[in-house]
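Here is what each chain is made of, one letter per residue.
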Amino acid sequence: MYIELCDILGISLNEFIAGEDLTQENVIRQSEENLIQISADGNVRRKKLQRVIVILLCVVVFGSGALFCVSYMNGYFRNNYIAPIAKDSTEMKTAEVLSGVDGAYMYRYTTDGSYKSMTMSLCVYENGRIVSKEEILSTSIESEAQQEGMIAIVPEFDQFKVKVVVADGEAKYATKFRILEGVNEREYYGRSASEIERNINISKNTNQGLVVLIYDNDELHVTPVEDIENEMAGTENDYMYYLSVTFNSDKM
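J.: Tell me about the overall build of the chain, residues and numbers included.
T.: Secondary structure summary: the chain contains 6 helices and 11 strands in total. Across the 252 residues that make up the chain, the buried fraction comes to 46%. A separation of at least 24 residues holds for 64% of the contacts in the chain among residues at least 6 apart in sequence. As presented, the chain carries roughly 13,600 Å² of accessible surface, and 50% of it is formed by carbon and sulfur atoms.

In structure tokens form, the structure reads like this:
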């Protein structure tokens, strides 16, 4: 419905959500803001549902003992995890429209006060061999209480770059990196990706994979994130860009 309205009005979806005309130089900034906003809207709905679930749970188990309920709530709300945003969710479908043909990969994370910083890393593979590895983005986690945030990874194949956005309740961080630099006829390369498919528990000071972007000039082979973590990258694909995250107990 939003897309049809935008076509009738002769505006972009970014302008529709922003509620104003956007100059070319403001489109990228507004796109990032919109991604963060739709994730935040989904967070609000999720929190409301969680509160209802917990209240119902408390009612059900009250007769069996309040201690069980209290221990459950403490454990439930203090879990440290990363969760992929469901592909069929409203916010994910909107993000994919905003991001264009290559879509977006979006994750929510929750941490308690024991984490002080977060680092995003990029590892580049060529024919299964690591050719570079670097930290591309670092953030500080200032809150001593439970912290929630969002990670968005947006490939832009026509520009041969990938944008990374991290946002929490206090700040937004963004960076980008180039892909297929110096590769002949790179515009004809096929592309695919694999990512985590379920919630994963955060392991302190441990590098954990999120998504691997895959490019090949003939036959693509989808390599699971778990294979990369287990150093089983394989040699089938020409180029792979493996993005991972580390939650640290110390400040950067």
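J.: Give a detailed account of the pattern of salt bridges, specifying residues and quantitative values.
T.: All told, the structure shown has 4 salt bridges when counted by the stated rule. Between glutamate 195 and lysine 87 there is a salt bridge whose closest N-O contact spans 3.0 Å. Taken together, the positions of glutamate 195 in strand 8 (residues 190–195) and lysine 87 in the loop between strand 1 (81–84) and helix 5 (90–99) put the pair 108 residues apart, joining distant regions of the chain. Residue classification places lysine 87 among the partly exposed positions, given a relative accessible area of 38%. For the salt bridge of arginine 191 with aspartate 102, the shortest nitrogen-to-oxygen distance reads 2.6 Å. Note that arginine 191 is positioned in strand 8 and aspartate 102 in the loop between helix 5 and strand 2 (105–111), a separation of 89 residues in sequence.

J.: Requested: an account of the sheet that holds strand 4 (residues 129–140), with residues and values cited.
T.: As summarised here, the arrangement of the 5 strands in space is 4-3-11-10-8, forming an open sheet in which the pairing is antiparallel. Strands at the two margins of the open sheet, each flanked by one partner only, are strand 4 and strand 8. Recorded for the sheet is a direction-independent mean angle of 15° between the axes of neighbouring strands. Bridge count between strand 8 and strand 10 (residues 208–216): 6 bridges; the pairing is antiparallel. By the bridge assignment, glutamate 195 is partnered in strand 10 with valine 211.

J.: Mind laying out the nonpolar core, listing which residues take part and the relevant values?
T.: Within soluble globular proteins, side chains that are nonpolar tend to cluster in buried spots. Residues Ile82, Met120, Ile151 and Tyr241 are the most contacted members of the largest nonpolar core, which totals 45 residues. Those residues within four positions of isoleucine 82 in sequence are excluded, and the remaining contacts are Tyr107, Arg108, Tyr109, Ile196, Arg198, Asn199, Ile200, Ile202, Leu210, Val245 and Phe247. Grouped together as the second largest cluster of nonpolar side chains are 9 residues, Ile85, Ala104, Val154 and Val165 included.

J.: How would you explain helix 5 if you had to name every residue and give the values?
T.: Burial in helix 5 covers these residues: Glu91, Met92, Thr94, Ala95, Leu98 and Ser99. End-on view of helix 5: buried residues confined to an arc of 160°, all on one side of the axis.

J.: I'd love a proper account of the environment of aspartate 158, names of residues and values included.
T.: Inspection of the secondary structure puts aspartate 158 in the loop between strand 5 (147–156) and strand 6 (161–168). Expressed as a C-alpha distance, the spacing of aspartate 158 and glutamate 187, which sit 29 residues apart in the sequence, is 7.5 Å.

J.: Which residues make up the packing of aromatic side chains, and what values go with them?
T.: This model, assessed by the stated rule, comprises 7 aromatic pairs. Here the aromatic residues Phe157, Phe160, Phe177, Tyr215 and Tyr241 are joined through ring pairs into a cluster of three or more. Seen from the ring of phenylalanine 160, arginine 186 lies directly overhead, with NZ or CZ sitting 3.7 Å from the centre.

J.: Mind laying out the sheet that holds strand 9 (residues 200–201), listing which residues take part and the relevant values?
T.: Taken together, the 6 strands give an open sheet; going across it, the order is 7-6-5-2-1-9, and neighbouring strands pair in antiparallel fashion. Each edge of the open sheet is held by one strand with a lone partner, namely strand 7 (172–178) and strand 9. Alignment of strand 6 against strand 7, held across 7 bridges, turns out to be antiparallel. Looking across to strand 7, one finds that valine 164 is bridged to threonine 175.

The rules behind each value
- Counting from 1, residues in each chain are numbered in the order their sequence is written.
- Note on the predicted model: pLDDT of at least 70 is required for a residue's local features to be given, and 80 or more for side-chain atom pairs to be given and counted; whole-chain, interface and lining totals, by contrast, use all residues.
- Only hydrogens and water are set aside when side-chain values are computed; all heavy atoms of the structure are taken into account.
- Each helix is a run of H or I in the DSSP string that is no shorter than four residues. Each strand is a run of E no shorter than two, and both are numbered from the N terminus.
- Only protein chains enter the accessibility calculation, which uses a 1.4 Å probe; a residue whose area is less than 20% of its type maximum is buried, one above 50% is exposed, and one in between is partly exposed.
- It only takes one pair of heavy atoms within 4.5 Å for two residues to be counted as in contact.
- Every accessible area reported is derived by Shrake-Rupley at a probe size of 1.4 Å, with residue values counting cover from the shown protein chains alone.
- Every case where a carboxyl oxygen of Asp or Glu lies within 4 Å of a side-chain nitrogen of Lys or Arg is listed as a salt bridge.
- Whether two strands pair comes down to DSSP finding at least two bridges between them.
- Geometry is summarised by axes, namely lines fitted to C-alpha atoms with helices restricted to the contacting stretch, and by angles between N-to-C directions that run from 0 to 180 degrees.
- Buried Ala, Val, Leu, Ile, Met, Phe, Trp, Tyr and Cys residues that are joined via side-chain atoms within 4.5 Å together make up what is termed a nonpolar core.
- Note that the arc is computed from the directions linking the helix axis to the C-beta atoms.
- Any Phe, Tyr or Trp ring, taking Trp's six-membered ring, that has another such ring centre within 6.5 Å forms a pair; planes under 30 degrees apart are called stacked, those over 60 apart edge-to-face, and the others tilted.
- As a reminder, the over-ring test applies to NZ of lysine and CZ of arginine, requiring each to be within 6 Å of the ring centre and within 35 degrees of the ring normal.

The analysis is restricted to geometry; functional conclusions fall outside its scope.
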